[in-house]
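What the coordinates show
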Amino acid sequence: MADGIVYLVGSGPGDPELLTVKARRLIEEADVVLHDKLPGPSLALVPDEKAEDVGKRAGGERTPQEYTNDRLVELAQEGRTVVRLKGGDPFVFGRGGEEMEHLAAHDVEFEVVPGVTAGVAGPGVAGIPVTHREYASSVSFVTGHEDPTKPESAVDWAALAATGGTIVVYMGVGKLPDYTAALREAGMAGDTPVALVERGSWPDQRVAVGTLASIVDVRDEVGIEPPAVTIIGPVAATRARVRAFLASPYESGNEQS
Ligand code: SAH
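1. Regarding the domain arrangement of the chain
Per the domain assignment, the segments of the chain are domain 1 (5-113) and domain 2 (118-245). Put simply, the middle of domain 1 and the middle of domain 2, counted by C-alpha atoms, are 28 Å apart. Taken together, the contacts link 11 residues of domain 1 with 12 residues of domain 2. Both sides of the domain 1 and domain 2 interface together cover about 790 Å² of buried area, and 78% of this is carbon and sulfur. Looking only at domain 1, the three residues that lose the most surface to domain 2 are Pro13, Pro41 and Phe93, adding up to 61% of its buried area. Along the contact surface separating domain 1 from domain 2 lie 0 salt bridges. Inspection of the region where domain 1 meets domain 2 yields 3 residue pairs in polar contact (both at pLDDT 80 or more). Classifying every residue of the side of domain 1 that touches domain 2 gives 6 nonpolar, 3 polar and 2 charged.

This is the structure:
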């Protein structure tokens, strides 16, 4: 067994104050913090001398996951205390599961430190509850990254449409036209409220609201880009009702709907 330890830590959605107290302590105590860009503004809590960016390499291409996996093992075998800092929660579309299994397979001790996932926090700070006693009794978290028209698609959009609950899509900016079409084909009404929350809790957060029929045009008009989450369902309309009283430190001066 290696002498070091790896903490798989969620940073929360971006605002450094939405990182857990435990995550902050572990960052302070760590010898090395491996991170990518997704923690956004919360990276300000990581001292430069501990930071190791495994998001992008020089030249712009992504660091292969195998490199990150091996680097975690290597550092632990050197006896280091390592924080692997991931945006949101490490186990929600964060490859934390893969890293954990790799560590276990190489006899490295680890601890999991959950974080506030963007699919809950992004809508939350924008005045959108992902469940609501009157409008949504369930919520599904799905990836929009893959092509919904492919027969082997892992996300069953028709089944999701049938739940009647909220659908929160991660990595879903590019494929928005495909999965909104798939949901409409499955019978979901074109006037179903839809919201996009871009860089939720970052100082330049933006929110755009429309319907299943209009949201692709809204995305293009506002110019929404990743990272953003898509919220589909009646709860997306709550923002308009509360907005006048929603104190948001994140949206100053941005165009919003
Ligand atoms: N582990 C992360 C998700 C990583 S997948 C979590 O739990 O939040 C990357 C996707 O997360 C992005 O494409 C986007 O859909 C979402 N995301 C992450 N941070 C975000 C933020 N601050 N605002 C909106 N979406 C965010």
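Picking up after the structure, the text goes on.
2. Some words on the pattern of salt bridges
Throughout the structure, instances matching the rule amount to 13 salt bridges. Across the pair Arg71 and Glu52 runs a salt bridge, and its minimum N-O distance is 2.6 Å. Taken together, the residues Arg71 in helix α2 (residues 65-77) and Glu52 in strand β3 (residues 51-53) connect sequence positions 19 residues apart. Like Glu52, Arg71 is buried. Across the pair Arg206 and Glu198 runs a salt bridge, and its minimum N-O distance is 2.6 Å. Residue Glu198 is classed as buried on the basis of its relative accessible area of 1%.

3. Points about a nonpolar patch on the surface
Residues Phe93, Val120, Phe141 and Met171 make up a contiguous nonpolar surface patch of about 330 Å² in total accessible area. Tracing the backbone shows Val120 in helix α4 (residues 118-125). Given the relative accessible area of 36%, Val120 is considered partly exposed.

4. Details of the side chain of Thr180
Considering the arrangement of structural elements, one finds Thr180 in helix α6 (residues 176-185). Judged by relative accessible area, which is 4%, Thr180 ranks as buried. Setting aside its immediate chain neighbours within four residues, Thr180 contacts Leu212, Ile215 and Val216.

5. A word on the sheet that holds strand β2 (residues 32-35)
Across the sheet, which stays open at both edges, the 5 strands sit in the order β3-β2-β4-β1-β5 with parallel pairing between neighbours. Looking along the sheet, the strands with just one partner apiece sit at the ends: β3 and β5 (109-113). Shown here is a sheet whose adjacent strand axes are inclined to one another by a mean of 20°, direction ignored. Of the pairings in the sheet, the one linking β2 to β3 comprises 3 bridges and is parallel in character. Pairing of Leu34 across the sheet is with Glu52, part of β3. Along the sheet face, helix α3 (residues 96-105) touches β1 (5-10), β4 (81-86) and β5 and points at about 170° away from the line of β1.

6. Regarding a negative patch on the surface
A contiguous patch of negative charge, built from Glu66, Asp70, Glu98 and Glu101, is present on the exposed surface. Elements with a minimum of two residues in the negative patch: α2 and α3. Mapping Glu98 onto the fold places it in helix α3. What makes Glu98 partly exposed here is its relative accessible area of 42%.

7. Notes on the side chain of Glu99
As for its placement among the helices and strands, Glu99 is situated in helix α3. Assessed through its relative accessible area of 1%, Glu99 is described here as buried. Here Glu99 is in contact with Leu8, Gln65, Thr68, Asn69, Leu72, Arg84 and Lys86, once residues within four sequence places are set aside.

8. Structural notes on the packing of α6 against helix α7 (residues 215-222)
At a minimum axis separation of 9 Å, α6 and α7 run at an interaxial angle of 160°. The orientation of α6 relative to α7 falls into the category roughly antiparallel. Relative to α7, the crossing made by α6 is right-handed. Across from Leu176, Pro177 and Thr180 in α6, the residues of α7 making contact are Ile215, Val216 and Arg219. Grouping the amino acids of the contact of α6 with α7 by side-chain chemistry returns 4 nonpolar, 1 polar and 1 charged.

What counts and what doesn't
Residues numbered from 1 in each chain as written. Predicted model: local features only at pLDDT ≥ 70, side-chain atom pairs only at ≥ 80, totals over all residues. Heavy atoms only, no water. Domains from an automatic or database assignment. Contact = heavy atoms within 4.5 Å. Buried area = accessible area lost by both parts, 1.4 Å probe. Salt bridge = Lys/Arg side-chain N within 4 Å of Asp/Glu carboxyl O. Polar contact = N/O pair within 3.5 Å; in protein donor to acceptor, adjacent residues only side chain to side chain. Nonpolar A, V, L, I, M, F, W, Y, C, P; charged D, E, K, R; others polar. Helix = DSSP H or I, 4+ residues; strand = E, 2+ residues; numbered from the N terminus. Buried < 20%, exposed > 50% of the residue type's maximum accessible area, 1.4 Å probe, protein only. Patch = residues over 30% accessible without salt bridge, like charges linked within 9 Å, V, L, I, M, F, W, Y side chains within 5 Å. Areas by Shrake-Rupley, 256 points an atom, 1.4 Å probe, with all protein chains shown as cover. Pairing = 2+ DSSP bridges. Axes fitted to C-alpha atoms, helices over the stretch in contact; angles between N-to-C directions. Lys, Arg positive; Asp, Glu negative; His and termini not counted. Charge placed at Lys NZ, Arg CZ, Asp CG, Glu CD. Parallel < 35°, antiparallel > 145°, perpendicular 65-115°, else oblique. Left-handed = near helix turned anticlockwise from the far one by under 90°.

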